[in-house]
Amino acid sequence: MTGNLYRGQAGLPFSSTLRVYEPLEAFPEEQRPAIQAAGAQAMSRAAVENAELLASLGRITRSGGDPFPTGRTDLVRVTTAPAPDDGTSDDGAAADTEPVLLYCPSQLVLRAGLAANALMEGIHGPLAELLIPEEQRDRHQERIDQVKARDGSIRVHTRASTWGIPFSWFSLFMESDRKDVVEAAGRILTVRVWAPITDALERARYAVANLALAAPDLDMLDDLAQLTEWLEQFHVNSMVELDYGAVADKVYPDESPMDIRLGIECLAEGDMTGAAAAYRRLASRWIPIRQLARAS
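Let me begin by describing the structure that accompanies this report. (Residues numbered from 1 in each chain as written. Predicted model: local features only at pLDDT ≥ 70, side-chain atom pairs only at ≥ 80, totals over all residues. Heavy atoms only, no water.)

**As for the overall build of the protein chain**
We count it as follows: By the criteria applied, helices consist of DSSP H or I runs no shorter than four residues and strands consist of E runs no shorter than two, each listed in order from the N terminus. Under the scheme applied here, a residue whose accessible area is under 20% of the maximum for its type counts as buried, over 50% as exposed, and between as partly exposed, the area being computed with a 1.4 Å probe on protein chains only. Contacts: residue pairs with any heavy atoms within 4.5 Å of one another.
Helix and strand content of the protein chain: twelve helices and seven strands. The proportion of buried residues among the 296 residues of the protein chain is 43%. For the protein chain, the proportion of contacts with a sequence separation of at least 24, taken over those separated by at least 6, is 77%.

**Here's the deal with the pairing of strand β5 (residues 178–184)**
Definition in use: Two strands make a pair as long as DSSP finds a minimum of two bridges between them.
Relative to strand β6 (residues 187–196), β5 runs antiparallel, the two being bridged by seven bridges. Pairing of R178 across the sheet is with W194, part of β6. Between β5 and β6, which follow one another and run antiparallel, lie two residues, and A185 among them has a positive phi close to 55°.

**Side note on the nonpolar core**
To keep things clear, this is the line we draw: For our purposes a nonpolar core is just a set of buried Ala, Val, Leu, Ile, Met, Phe, Trp, Tyr and Cys residues, chained together by side-chain atoms within 4.5 Å.
Residues L18, L172, L231, V240, Y244 and W286 are the most contacted members of the largest nonpolar core, which totals 42 residues. Leaving out residues up to four positions away in the same chain, W286 has contacts with G164, I165, F167, F170, Y244, V247, V251, D254 and S256.

**Things to note about the pattern of salt bridges**
Using the following cut-off: Note on definitions: salt bridges are taken to be side-chain nitrogens of Lys or Arg within 4 Å of carboxyl oxygens of Asp or Glu.
Tallied over the full model, the rule gives 17 salt bridges. With a shortest N-O distance of 3.2 Å, R19 and D243 are connected by a salt bridge. Residue R19 is found in strand β1 (residues 15–23), and its partner D243 is found in strand β7 (residues 239–243); the two are separated by 224 residues along the sequence. By relative accessible area, R19 is classed as buried at 3%. Linked by salt bridges that have partners in common, R19, R45, E49, E52, R77, R192, E241 and D243 make up one network.

**Details of the packing of aromatic side chains**
To keep things clear, this is the line we draw: Side-chain rings of Phe, Tyr and Trp (the six-membered ring for Trp) are treated as a pair once their centres are within 6.5 Å; stacked means planes under 30 degrees apart, edge-to-face means over 60, and tilted covers the remaining angles.
All told, the structure shown has four aromatic pairs when counted by the stated rule. When the centroid spacing of 5.7 Å and the interplanar angle of 40° are considered together, the rings of F170 and W286 count as tilted. Pair noted here: F170 is in helix α7 (residues 167–170) and W286 is in helix α12 (residues 272–291), with a separation of 116 residues, a long-range link. Across the pair, W286 and F170 agree in class, each one buried. Relative to F234, the ring of W230 has its centre 5.5 Å away and its plane inclined at 85°; by these criteria the two rings are edge-to-face.

**Description of the environment of T80**
Along the chain, T80 turns up in strand β2 (residues 76–81). Of the residues examined, T80 reaches a relative accessible area of 35% and is grouped as partly exposed. Taking the C-alpha atoms as reference, T80 lies 4.7 Å from L101; in sequence the two are 21 residues apart. Those residues in contact with T80 that lie beyond four places of it in its chain are P99, V100, L101 and R178.

**So, the packing of helix α11 (residues 256–268) against α12**
Axis angle and axis distance: for two packed helices, these are the angle between their axes and the distance between the axes, and together they describe the pair. Selection rule: Convention adopted: a line fitted to C-alpha atoms gives each axis, helices being fitted over their contacting stretch, and angles between N-to-C directions are expressed from 0 to 180 degrees. Should an angle fall under 35 degrees it is taken as roughly parallel, and over 145 as roughly antiparallel, whereas 65 to 115 is taken as roughly perpendicular and any remaining angle as oblique. Handedness of each helix crossing follows the sense of rotation of the near helix against the far helix: counterclockwise by less than a right angle gives left-handed, clockwise gives right-handed.
The N-to-C vectors of α11 and α12 enclose an angle of 155°; their axes lie 7 Å apart at closest approach. The orientation of α11 relative to α12 falls into the category roughly antiparallel. Of the two possible hands of crossing, α11 and α12 adopt the one that is left-handed. For the pair α11 and α12, the contacting residues are S256, D259, I260, L262, G263, C266 and L267 in the first and M272, G274, A275, A278, R281, L282, R285 and W286 in the second.

**Concerning the side chain of H157**
Relative to the assigned elements, H157 resides in the loop between α6 (134–151) and β4 (158–162). A residue is classified by how much of its surface remains accessible, and H157, at 2% relative accessible area, is buried. With near-sequence residues (within four places) excluded, H157 lies in contact with L18, R19, V20, E22, F27, Y103, C104, P105, Q107, W230 and F234.

**Quick word on α11**
As a reminder of what qualifies: Multiplying one less than the number of residues by 1.5 Å gives the expected span of a helix.
If you check α11, its first and last C-alpha atoms are 18 Å apart, about what 13 residues at 1.5 Å a residue would give, namely 18 Å. When we look at burial in α11, the residues that qualify are S256, P257, D259, I260, G263, I264, C266 and L267. On its buried face, α11 is in contact with α7, α8 (197–214), α9 (219–231) and α12.

Below, the structure written as structure tokens:
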């Protein structure tokens, strides 16, 4: 039963993701049939997550030493959003309020290449060179080149984080945003929070503006600036999803979005005591999770 994998019980790191779902018209016309077909074939959300995880486990245990995805299949996640126009039409009739389907392709070939490059450039670069032979990296670069030649300009729809959620991500969401708490057998499997991309961008820009004035040396400011530039690439009717993953069982109910917002507001008002209190609440919640990365 793959449910144990989905619940994070396979000894794997806690992994959380930030995804952007776009309407079909945001994709190049030649990609739309494949994306629509893959989205229509998607089973339950848990089944999609399990399929992706099982595929990743299969890659690292297959013969030949190539851990990279081949791109022969690519999962597509689907969510819904209210129709952009919830008012009335020009003739006074009620507007169509049917939910709009939004799509988030996994883009595993591109993401695997980016992850490998980051690993090579980090402090574990020498170890990564041993684990991922140069021949396999070169072969995967050929796959990336093929994807870019086929699809042209590419927006990577997913960002991932292990052993905790970057504080900058929480600035995109508020307590009132739509959320889904997924539970089974008395455990929280994950929590997913959604925000329209226009709201997420407005919140990110507010945070950047205030931090730039009140705390220009804060690392989170650079993270937020990069996050804003990333979000600006996508269609105006997109949705942003924060998927906590298995770490949700350790931290939910989670007030991190509120703590981030209050911390930034306190900094903007010169209230260092309030800002420090917000940070302490965040640290008490997330530092123990991050310490698990170094636990034996």
